[in-house]
Amino acid sequence: MTTLQAFLAEQYAAEISVFRGSLDSFSDAEFSAEALGHTPAWHALHIADWLRLTVLEDRTPTYHFLGWEDKAWVGPLGTQAAPLVEAAGKAAVLARLDSVSAQVLTRLHALTPDDLNGMIFSPSAPTGERPRLTALGLHLRHIAYHRGQLQLLKKVPA
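Residues numbered from 1 in each chain as written. Predicted model: local features only at pLDDT ≥ 70, side-chain atom pairs only at ≥ 80, totals over all residues. Heavy atoms only, no water.

A.B. asks: When you look at the nonpolar core in this model, what are you seeing that I'm missing?
C.D. replies: Generally speaking, soluble globular proteins have nonpolar side chains that are buried together. Formed by 31 residues in total, the largest nonpolar core has its most connected members in Tyr 12, Leu 23, Phe 31, Leu 51, Leu 97, Val 104 and Leu 108. Where this core is concerned, the elements lending two or more residues are helix H1 (4–24), helix H3 (40–54), helix H4 (90–110) and helix H6 (132–155). It is H3 that contributes the most residues to this core, 7 residues altogether. With 6 residues, the next largest nonpolar core counts Tyr 63, Leu 66, Val 74 and Leu 77 among its residues. (Core = buried A, V, L, I, M, F, W, Y, C linked by side-chain atoms within 4.5 Å. Buried < 20%, exposed > 50% of the residue type's maximum accessible area, 1.4 Å probe, protein only. Helix = DSSP H or I, 4+ residues; strand = E, 2+ residues; numbered from the N terminus.)

A.B. asks: Where do I start with the pattern of salt bridges in this structure?
C.D. replies: Between side chains of opposite charge, a pair can form when the charged atoms approach closely. Overall, the coordinates contain 8 salt bridges when judged by the stated rule. Two residues, Asp 49 and Arg 52, come together in a salt bridge whose shortest N-O distance is 2.9 Å. You can see Asp 49 and its partner Arg 52 sitting in helix H3, 3 residues apart, about one turn around the helix. A relative accessible area of 4% places Asp 49 in the buried class. For Asp 58, the salt bridge goes to Arg 52, with nearest N and O atoms at 3.2 Å. (Salt bridge = Lys/Arg side-chain N within 4 Å of Asp/Glu carboxyl O.)

A.B. asks: What's the story with unusual backbone geometry in this structure? I'm lost.
C.D. replies: Leaving glycine aside, a negative phi is the common case for residues, and trans is the common case for peptide bonds. Residue Glu 57 is not a glycine yet carries a positive backbone phi of 55 degrees. You can see Glu 57 is positioned in the loop between H3 and H4.

A.B. asks: Where do I start with H6 in this structure?
C.D. replies: Note: α-helices contain 3.6 residues per turn, so residues at a spacing of three or four share the same orientation. Counted at 1.5 Å a residue, the expected span for H6 with its 24 residues is 34 Å, and the 35 Å between its end C-alpha atoms agrees. Regarding H6, the residues found buried are Arg 132, Ala 135, Leu 136, His 139, His 142, Ile 143, His 146, Leu 150 and Leu 153. On its buried face, H6 sits against H1, H3, H4, helix H5 (113–116), strand E1 (119–121) and strand E2 (129–131). (Expected span 1.5 Å × (residues − 1). Contact = heavy atoms within 4.5 Å.)

A.B. asks: What is the right way to look at the packing of H3 against H4 in this model?
C.D. replies: Viewed as axis vectors pointing N to C, H3 and H4 meet at an angle of 25 degrees, and their least axial separation amounts to 9 Å. It follows from the interaxial angle that H3 and H4 lie roughly parallel. Where H3 crosses over H4, the handedness of that crossing is left-handed. Contacts between H3 and H4 involve Ala 41, Ala 44, Leu 45, Ile 47, Ala 48, Leu 51 and Arg 52 on the former and, on the latter, Val 93, Arg 96, Leu 97, Val 100, Ser 101 and Val 104. Residue classes in the contact of H3 with H4 are distributed as 10 nonpolar, 1 polar and 2 charged. (Axes fitted to C-alpha atoms, helices over the stretch in contact; angles between N-to-C directions. Parallel < 35°, antiparallel > 145°, perpendicular 65-115°, else oblique. Left-handed = near helix turned anticlockwise from the far one by under 90°. Nonpolar A, V, L, I, M, F, W, Y, C, P; charged D, E, K, R; others polar.)

A.B. asks: Just checking my understanding: could you explain the packing of aromatic side chains for this structure?
C.D. replies: Aromatic rings in a pair are described by how distant their centres are and how their planes are angled relative to each other. In this structure the tally under the stated criterion is 4 aromatic pairs. A ring pair is formed by Trp 50 and Trp 68, whose centres lie 6.2 Å apart and whose planes are at 75 degrees; its orientation type is edge-to-face. One end of the pair, Trp 50, is in helix H3; the other, Trp 68, is in the loop between H3 and H4, with 18 residues separating them in the sequence. Judged by relative accessible area, which is 10%, Trp 50 ranks as buried. Ring centres of Trp 73 and Phe 121 lie 5.7 Å apart, and the angle between their planes is 65 degrees; this geometry places the pair in the edge-to-face category. Of the two residues, Trp 73 sits in the loop between H3 and H4 while Phe 121 sits in strand E1, which places them 48 residues apart along the sequence. Ring-pair connections join several aromatic residues into one group, and the members of that group are Trp 50, Trp 68, Trp 73 and Phe 121. A cation over a ring is seen here: Arg 52 above Tyr 63, with NZ or CZ 3.9 Å from the ring centre. (Phe/Tyr/Trp six-rings, centres within 6.5 Å; stacked < 30°, edge-to-face > 60°. Lys NZ or Arg CZ within 6 Å of the ring centre and 35° of its normal.)

Okay, here's the thing in structure tokens:
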């Protein structure tokens, strides 16, 4: 029988894999080219940051790609330099995403029943918290949303 933790890890692995495949479809030049507001590199770093915040619950104040940098709650999370910037190049940005993704899959497998039934930080929730399973489901759809944005970028000339 599959555990809920294994199921979650499998779903995240699948979505991250297809998201990563969408990123791989861009050439090095396209990866850093801005079209429709954001570069593919930004989308990769955005998802890496949200994986850190939502799944890993990392509070290291190095967030610069959450997309809500104009909101007061982000301020304390971005007081130090970002681990990587868009201009670092495709290989480095994808390596960052891969590293965070591997940590996420390990973390999902390690969740306890108490963890699964607990609350986690969720800035868009009225109280600033949500049930972990709800937040994980929302974040999984968030990755799919950005995969769709990448597919749209492929159709727009740079």
